[in-house]
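# A structural walkthrough
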Amino acid sequence: KRDMTPYEAIGGEHMISDLVEAFYKRVGNHPDLAPIFPDDLTETARKQKQFLTQYLGGPSDYTNEHGHPMLRARHLPFEITPARAKAWLSCMSDAMDEVGLNGMLRTQIFHRLTLTAQHMVNTPDEEG
Ligand code: HEM
C-alpha cells in the first residue's frame, strides 16, 4: 500500500480550503501584498486551492483546468520583491496557525513553500 500524500495527511480538500481562505484574508489586508492582488480574491483563492491540492500530491485540479503551472512565468507580470516573498510566507504561516496545521508536516510544507516563494522573486527590494 502506498504512503499517504501530504494532501491526505493534512485533511484533504477541507484543510486546503480553510487554509487558503485564512491565507487570502491576510493577503487582502497586507499593505505590501494587497496592491498587487485583485480586490476580489475569489478567483485567486479558487486557483490556489487547485494548485496547492496538486502541489501536495492530491488530484491534478490546477493542471486539468489551466495547463502546466509555470508558476514563475505566471508571476512575471507582478513585481515580486524579497520583501513581498517574506510577507507572503508570513501570511501563510499565520494562516497555518489559524487552521491548526501543526507538527512535522507543517514544517515540511512550509519549508517547501519557502523555496517556491524565493523562486518567484523577480524584482529587487527598493533601495533606501
Ligand atoms: C497568482 C503574488 C508566491 C501560487 C498570484 C497573483 C499574484 C501573486 C499577484 C495574481 C493573482 C490574480 O490575478 O488572481 C504572489 C507573491 C508571492 C507569491 C507576491 C510571493 C513570493 C506564490 C507561491 C505560490 C503561488 C509560493 C505557490 C505555492 C500562485 C498561483 C496563482 C498565483 C497558483 C494563480 C495563477 C493563475 O493565474 O493561474 N500570485 N505569489 N504564489 N500565485 Fe502567487
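Right above here is the structure, for reference.
I will try to describe carefully the structure that is included in this document.

### Quick look at the overall build of the chain
Scanning the chain from terminus to terminus reveals seven helices and zero strands. Going residue by residue from the N terminus, the α and β elements of the chain occur as α-α-α-α-α-α-α. Computed over the C-alpha atoms, the radius of gyration of the chain is 15 Å, within 12% of the 14 Å expected from 2.2 N^0.38 for a compact globule of 128 residues. Taken over the C-alpha atoms alone, the chain extends approximately 55 × 30 × 25 Å along its principal axes. Evaluated residue by residue, the chain yields a buried proportion of 38% over its 128 residues. Across the chain, the fraction of contacts at a sequence separation of at least 24, relative to all contacts at a separation of at least 6, is 66%.

### Some points on the environment of Asp40
Along the polypeptide, Asp40 turns up in the loop between α2 (12–27) and α3 (42–55). Here Asp40 falls in the exposed class, since its relative accessible area comes to 54%. Note: C-alpha distance between Asp40 and Gly28 (12 residues apart in sequence) is 8.8 Å. Among the polar contacts listed, one links the side chain of Asp40 to the side chain of Thr42, at a separation of 2.4 Å.

### Some remarks on the packing of α2 against α3
Interhelical geometry of α2 versus α3 gives an angle of 135° and a closest axis separation of 10 Å. The orientation of α2 with respect to α3, classified from their angle, is oblique. Considering the relative orientation of α2 and α3, their crossing is right-handed. Of α3, the residues touching α2 (which contributes Ile16, Ser17, Val20, Glu21 and Tyr24) are Thr44, Ala45, Gln48, Lys49, Leu52 and Thr53. Looking at side-chain class alone, the contact of α2 with α3 contains five nonpolar, four polar and two charged residues.

### Things to note about the site of the ligand
In the region of the ligand, 21 residues are neighbours, and Thr44, Lys47, Tyr62, His75 and Trp88 sit closest. Tyr62 is positioned with one of its side-chain polar atoms (N or O) 2.5 Å from an oxygen atom of the ligand. Listed by contribution, the elements that provide at least two residues to the shell around the ligand are α3, α5 (71–75), α6 (82–99) and α7 (103–120). In the shell around the ligand, the residues fall into 14 nonpolar, four polar and three charged.

### As for the pattern of salt bridges
Within this structure, the stated rule accounts for seven salt bridges. In this structure, Arg26 and Glu98 form a salt bridge, with 2.7 Å as the shortest nitrogen-oxygen distance. With Arg26 in helix α2 and Glu98 in helix α6, this residue pair connects regions lying 72 residues apart in the sequence. The exposure class of Arg26 is partly exposed, given its relative accessible area of 24%. Of the residues examined, Glu98 reaches a relative accessible area of 42% and is grouped as partly exposed.

Rules behind the numbers
Residues numbered from 1 in each chain as written. Predicted model: local features only at pLDDT ≥ 70, side-chain atom pairs only at ≥ 80, totals over all residues. Heavy atoms only, no water. Helix = DSSP H or I, 4+ residues; strand = E, 2+ residues; numbered from the N terminus. Rg over C-alpha atoms; globule rule 2.2 N^0.38 Å. Buried < 20%, exposed > 50% of the residue type's maximum accessible area, 1.4 Å probe, protein only. Contact = heavy atoms within 4.5 Å. Polar contact = N/O pair within 3.5 Å; in protein donor to acceptor, adjacent residues only side chain to side chain. Axes fitted to C-alpha atoms, helices over the stretch in contact; angles between N-to-C directions. Parallel < 35°, antiparallel > 145°, perpendicular 65-115°, else oblique. Left-handed = near helix turned anticlockwise from the far one by under 90°. Nonpolar A, V, L, I, M, F, W, Y, C, P; charged D, E, K, R; others polar. Near = heavy atom within 4 Å. Salt bridge = Lys/Arg side-chain N within 4 Å of Asp/Glu carboxyl O.

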